[in-house]
Every structure is written in structure tokens, then in C-alpha cells.
Amino acid sequence: MLKNALNGFITAWKGLTLTIRHLFASNARRKVISVSDDNYFKQLEGTNTIQYPHQKLPVPEVGRYQLDVEMDDCIVCDLCAKICPVDCITIESIKATELIGHTSDGSPKRIHAAKFDIDMAKCMYCGLCTIVCPTECIVMTNQYDKSVFEISQLTYQFSDMTPEVAAEKRQLLEIQQAEKQAAKEAAMKNNSL
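Rules used throughout
- Residues numbered from 1 in each chain as written.
- Predicted model: local features only at pLDDT ≥ 70, side-chain atom pairs only at ≥ 80, totals over all residues.
- Heavy atoms only, no water.
- Helix = DSSP H or I, 4+ residues; strand = E, 2+ residues; numbered from the N terminus.
- Buried < 20%, exposed > 50% of the residue type's maximum accessible area, 1.4 Å probe, protein only.
- Contact = heavy atoms within 4.5 Å.
- Areas by Shrake-Rupley, 256 points an atom, 1.4 Å probe, with all protein chains shown as cover.
- Patch = residues over 30% accessible without salt bridge, like charges linked within 9 Å, V, L, I, M, F, W, Y side chains within 5 Å.
- Salt bridge = Lys/Arg side-chain N within 4 Å of Asp/Glu carboxyl O.
- Polar contact = N/O pair within 3.5 Å; in protein donor to acceptor, adjacent residues only side chain to side chain.

**Some remarks on the overall build of the chain**
Item 1. A count of helices and strands for the chain gives 4 helices and 7 strands.
Item 2. Buried residues in the chain amount to 24% of all 193 residues.
Item 3. Excluding contacts between residues fewer than 6 apart, the proportion of contacts in the chain whose partners are at least 24 apart in sequence is 69%.
Item 4. With the model as given, the accessible surface of the chain reaches about 14,300 Å², and the carbon-plus-sulfur share is 55%.

This is how it looks when you write it as C-alpha cells:
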């Protein structure tokens with residue numbers, strides 16, 4: 001029993017001396033150094049935290065942060081939404097009646113993105129969506145501070161198509177499909193004669 005009390009006293013004394021040492025050492029500001037610096041993990045002096053937002057830690061090149069989509073390069077293949085393990089990407093596509101352009105790497109664009117939303121509140125920053133993207137239009141940026149007051153503000157809308165334009169594109173597609181169906185029926189009718 002005496003041994004346990006002595007052991008408890010020694011442990012408490014070690015913890016208290018460590019706390020007191022840090023209490024008086026915390027007046028100095030920590031110098032922000034790069035993660036790749038050899039002394040990055042050997043910083044024992046100064047404060048335990050940096051003075052954010054006045055000081056910021058350097059962002060590693062391979063960090064996984066805020067997602068961004070370059071819609072001009074998106075071919076609306078839906079691979080990012082399909083591979084997302086938490087379903088934070090919502091895509092609504094409309095097939096185009098004709099070629100609508102090319103991406104920066106030369107891929108043809110034949111589908112309109114009526115809706116391309118990413119809910120960063122759900123995102124787990126795994127990076128799978130950036131890996132499967134054939135045109136590399138979805139990337140992770142170095143932006144990590146996206147504090148908002150309402151959780152709905154964490155849903156980012158990348159498509160700039162208005163509901164009116166989307167309805168017009170759907171109507172054009174329906175007309176084209178009806179014309180193709182009528183031509184197909186007429187061809188079958190002519191073949192049967």
C-alpha cells in the first residue's frame with residue numbers, strides 16, 4: 001500500500017513538473033517551419049499551438065483538402081459519384097443532341113451537367129474521385145479552412161446550368177429521340193413492304 005502511494009506521488013510529481021515547465025515556456029511563439037524540415041517534429045520549445053490565423057502551418061503538397069471541379073474539362077462520366085464511398089457527389093446529366101465541345105486534353109463532350117454538387121460535410125477526403133477522373137477535372141486544392149455557420153453552405157454547386165436551360169436541353173433530347181424513333185419505325189415499315 002505504501003509502495004502504491006509512493007508510486008502515485010512520483011507520477012503526480014513528474015506530471016506537475018512537466019506542466020509547470022510548459023506553463024512558463026509558453027510565452028515564446030512557435031516558428032512556423034516546413035513539414036519537410038528535419039527539425040519539424042523536434043519542436044519542444046514555445047507554445048503548443050500556433051497563433052491562427054496570424055500564423056499558418058505550411059500545407060504539404062500531397063495534402064487532401066477542399067475539392068474543386070473544372071467544369072470545362074468535365075465529360076460528366078459519373079465515375080467520381082459512383083466511386084465515392086459516402087455519396088457526397090451528386091450529378092445529374094443530360095445527353096447532348098450534338099457535340100458540345102472538347103476538354104483541355106481533347107476529349108469530346110457529349111453530355112451536359114445539369115447538376116454537379118459536392119457536399120463537403122459528408123466528404124471524407126479519401127481522394128478516390130480525383131483518381132478515377134479520366135480528364136482530371138476534379139482535384140483537391142490546398143484550401144482547408146472552410147468554416148461556415150450553416151451546414152448547407154458546405155454543399156458546393158459547380159454546374160452553372162440554370163433549371164430553365166436544363167429543361168430546354170431535355171426537351172431538345174426528347175425531340176431528337178422521337179425523331180430517331182419515327183425514322184426507325186418508318187425504316188422498319190419500308191423493309192416489311
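**Examining a nonpolar patch on the surface**
Item 1. Residues L6, F9, I10, W13, L16, I20, L23 and F24 make up a contiguous nonpolar surface patch of roughly 880 Å² in combined accessible area.
Item 2. Structurally, F24 can be placed in helix α1 (residues 2-25).
Item 3. Relative accessible area serves as the criterion here: at 61%, F24 is assigned to the exposed category.

**Re unusual backbone geometry**
Item 1. For D78, which is not glycine, the phi torsion reads 75° and is therefore positive.
Item 2. For D78, the location among the structural elements is in the loop between β1 (67-69) and α2 (79-83).
Item 3. Overall, the relative accessible area of 26% leaves D78 in the partly exposed class.
Item 4. At E136, a position not held by glycine, the phi torsion is positive, near 55°.
Item 5. Looking at the secondary structure, you find E136 in the loop between α3 (128-132) and β6 (138-140).
Item 6. Residue E136 is classed as exposed on the basis of its relative accessible area of 62%.

**Regarding the environment of T155**
Item 1. Within the element layout of this structure, T155 appears in strand β7 (residues 155-157).
Item 2. Judged by its relative accessible area of 28%, T155 is partly exposed.
Item 3. In sequence terms T155 and I89 are 66 residues apart; their C-alpha atoms lie 9.4 Å from each other.
Item 4. Beyond its immediate chain neighbours, meaning those up to four positions away, T155 contacts D117, I118 and D119.
Item 5. Within polar-contact distance, the side chain of T155 engages the side chain of D119 at 3.5 Å.

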